[in-house]
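Next come the chains, spelled out residue by residue.
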Amino acid sequence: MRAVSVHEDAIVVTSLMWQANAIAIRAGEEAMLVDSPYFPDELELLPGVLAQAGFEPRALLATHGDFDHMLGRIAFPSLSLGVAESTMKRVRARPGEAQRELRDADAEHFVRRVRPLSLGQAQALPVPGHLGLGEHELELHLAEGHTPDGMAVWAPWLGLLCCGDYVSDVEIPLIDAGGSLAAYRATLARLAPLVERAETVVPGHGAPHAREAALALLDEDAAYLDALERGEERPALPAGRDSVVQRRIHAANLEAVG
Ligand SMILES: [Zn+2]
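Asks: What am I meant to see in the overall build of the protein chain here?
Replies: Secondary structure summary: the protein chain contains seven helices and 13 strands in total. A globule of 258 residues ought to have a C-alpha radius of gyration of about 18 Å, and the protein chain, at 17 Å, matches this closely. Overall size of the protein chain, expressed as C-alpha extent along the three principal axes, is 50 × 40 × 30 Å. The 258 residues of the protein chain split such that 53% are buried. At a minimum sequence separation of 6, the contacts of the protein chain that also span at least 24 residues come to 63%. Of the roughly 11500 Å² of accessible surface on the protein chain, 52% is carried by carbon and sulfur atoms. The averaged location of the 38 negative side-chain charges in the protein chain is 5 Å from the averaged location of its 22 positive side-chain charges.

Asks: It is not clear to me how the pairing of strand β10 (residues 151-155) should be interpreted in this structure. Could you clarify?
Replies: Look at any regular strand and the pattern is simple: side chains alternate between the two faces of the sheet. In terms of residue burial, β10 counts as a mostly covered element, since five of its five residues are buried. Residues M151, V153 and A155 line one face of β10 and the alternating positions A152 and W154 line the opposite face, and both faces are buried. As paired strands, strand β9 (residues 136-142) and β10 are joined by four bridges and run antiparallel to one another. In the sheet register, L140 faces β10, and the bridge partner there is V153.

Asks: Please clarify how the sheet that holds β10 should be interpreted in this entry.
Replies: Working definition: the strands of a sheet are paired by backbone hydrogen bonds and lie parallel or antiparallel to each other. Here six strands make up an open sheet; going across it, the order is β8-β9-β10-β11-β12-β13 and the pairing mixed. Single-partner strands in this sheet number two, and they are β8 (129-133) and β13 (209-210). Against the sheet, helix α5 (residues 181-197) contacts β9, β10, β11 (160-164) and β12 (200-203), and its axis sits at roughly 160° relative to β11.

Asks: Can you help me understand the sheet that holds strand β7 (residues 123-125) in this one?
Replies: The seven strands lie next to each other as β1-β2-β3-β4-β5-β6-β7, forming an open sheet whose pairing is mixed. At either margin of the open sheet sits one strand with a lone partner, and together these are β1 (2-7) and β7. Mean inter-strand twist for the sheet, computed between neighbouring axes without regard to direction, equals 25°. With four bridges connecting them, strand β4 (residues 30-34) and strand β5 (residues 57-61) associate as parallel partners. Looking at the pairing, A31 lines up with P57 of β5. Here helix α1 (residues 40-52) sits on the sheet and contacts β1, β2 (10-14), β3 (21-27), β4 and β5; the angle it forms with β2, its principal contact strand, is near 155°.

Asks: How should I be thinking about the coordination of the zinc ion in this particular structure?
Replies: Reference values for coordination geometry: four tetrahedral donors around a metal ideally subtend 109.5 degrees, six octahedral donors ideally subtend 90 or 180 degrees. In this structure, D68 (OD), H69 (NE2), D165 (OD) and H205 (NE2) serve as the protein donors to the zinc ion, at separations of 2.1 to 2.6 Å. Considering all four donor atoms around the zinc ion, angles at the metal cover 81 to 172° and the coordination shape is irregular. Every donor residue of the zinc ion comes from the same chain, spaced as D-H-x95-D-x39-H. As far as burial versus exposure is concerned, D68 and H69 are alike and both buried.

Asks: Is there a simple way to think about the pattern of salt bridges in this case?
Replies: Any two side chains of opposite charge can pair, so long as their charged atoms come close to each other. Under the counting rule described, the total for this entry stands at 14 salt bridges. In this structure, D106 engages R113 in a salt bridge whose closest nitrogen and oxygen atoms are separated by 2.7 Å. With a closest N to O distance of 3.2 Å, D242 and R247 form a salt bridge. Since its relative accessible area comes to 47%, D242 is described here as partly exposed.

Asks: What exactly am I supposed to notice about the state of the cysteines here?
Replies: Each disulfide is one covalent bond, formed between the sulfur atoms of two cysteines. Within the structure shown, the criterion is met by zero disulfides. Between C162, a free cysteine, and C163, which holds the nearest cysteine sulfur, the sulfur-to-sulfur gap is 7.8 Å. Judged by relative accessible area, C163 falls into the buried class, the value being 1%.

Definitions and limits used
Sequence order as written defines the numbering, with residues in each chain counted from 1. Side-chain atom pairs in this predicted model are given and counted only at pLDDT of 80 or more, local residue features only at pLDDT of at least 70, and totals for whole chains, interfaces and linings cover all residues. As a convention, hydrogens and water are excluded, and side-chain values are obtained from all of the structure's heavy atoms. Only DSSP runs of H or I with at least four residues qualify as helices, and only runs of E with at least two residues qualify as strands; both kinds are numbered from the N terminus onward. Between the two quantities, the radius of gyration covers C-alpha atoms and the globule rule is 2.2 Å times the number of residues to the power 0.38. Type-normalised accessible area, obtained with a 1.4 Å probe on protein chains alone, sets the label of each residue: buried when under 20%, exposed when over 50%, and partly exposed for intermediate values. We call two residues contacting when some pair of their heavy atoms lies within 4.5 Å. Every accessible area reported is derived by Shrake-Rupley at a probe size of 1.4 Å, with residue values counting cover from the shown protein chains alone. For the charge count, each Lys or Arg is scored as positive and each Asp or Glu as negative, with His and the chain ends excluded. A charge is said to be at NZ when it belongs to Lys, at CZ for Arg, at CG for Asp and at CD for Glu. Here the rule is simple: two strands pair whenever DSSP picks up at least two bridges between them. Orientation is described by lines fitted to C-alpha atoms, with helices fitted over the stretch in contact, and by angles between N-to-C directions that extend from 0 to 180 degrees. Counted as coordinating are nitrogen, oxygen and sulfur atoms within 2.8 Å of the metal, or 3.2 Å for Na, K and Ca, while water is not included, which may make sites look incomplete. Key to geometry: four donors with every angle between 85 and 135 degrees are tetrahedral; four donors are square planar and six octahedral where opposite donors lie over 155 degrees apart and all remaining angles lie between 65 and 115; all other sites are irregular. Definition used for salt bridges: Asp or Glu carboxyl oxygen within 4 Å of a side-chain nitrogen of Lys or Arg. The criterion for a disulfide is a pair of cysteine sulfur atoms lying within 2.5 Å.

Structure below.
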């Protein structure tokens, strides 16, 4: 696990699993945590790492319902988890999905946990919408297409965008069950003006980006979606994302949109 301060009021903690990012955002004395790391020791250390940097989250957010973003309550069992209404709908429609997928991932990585995942009384947040943090407000924007649910979290006073599983330098656009090409495109179009105003863009997986790098990724992802729509079997994948695993994701994407 790596902790990097991207602003005096924002710290990004990156898991060794899939370079998953958790982002703590602070306004005055108040802090919130977006998404989560994965491994039990990472989750155990997280409160201490954040506290040392002066971040004591009073609430948790998950950008979408994929299990690897929903683990915050393992680190902070007393805090409530806020999710987009669309994510709450997904949780209700597929009960136990996050727990099941976590168990499968744990089995694959030989991970043992003392506590199972409990989402507690998750709170459904209207998206688009606003969420108070100290004297500031986070903006919640729709971010669907990767999955049927999700939101991006924009902290305007920090120029910080936490966009969930979009705009990543380690993963091509992934269209999962319930996601869609059209919704993915709409999300990129919605994120673009935020990225243009951003100082830092933190994707669900991979390195935090400065604005120019994130804009370049948006272009690459749009070009990839065009190739996907044309049904290309072997499109050129962006530099740094042309790997066997990403080719496998592309094959799954072709199935999903075909
Ligand atoms: Zn993810």
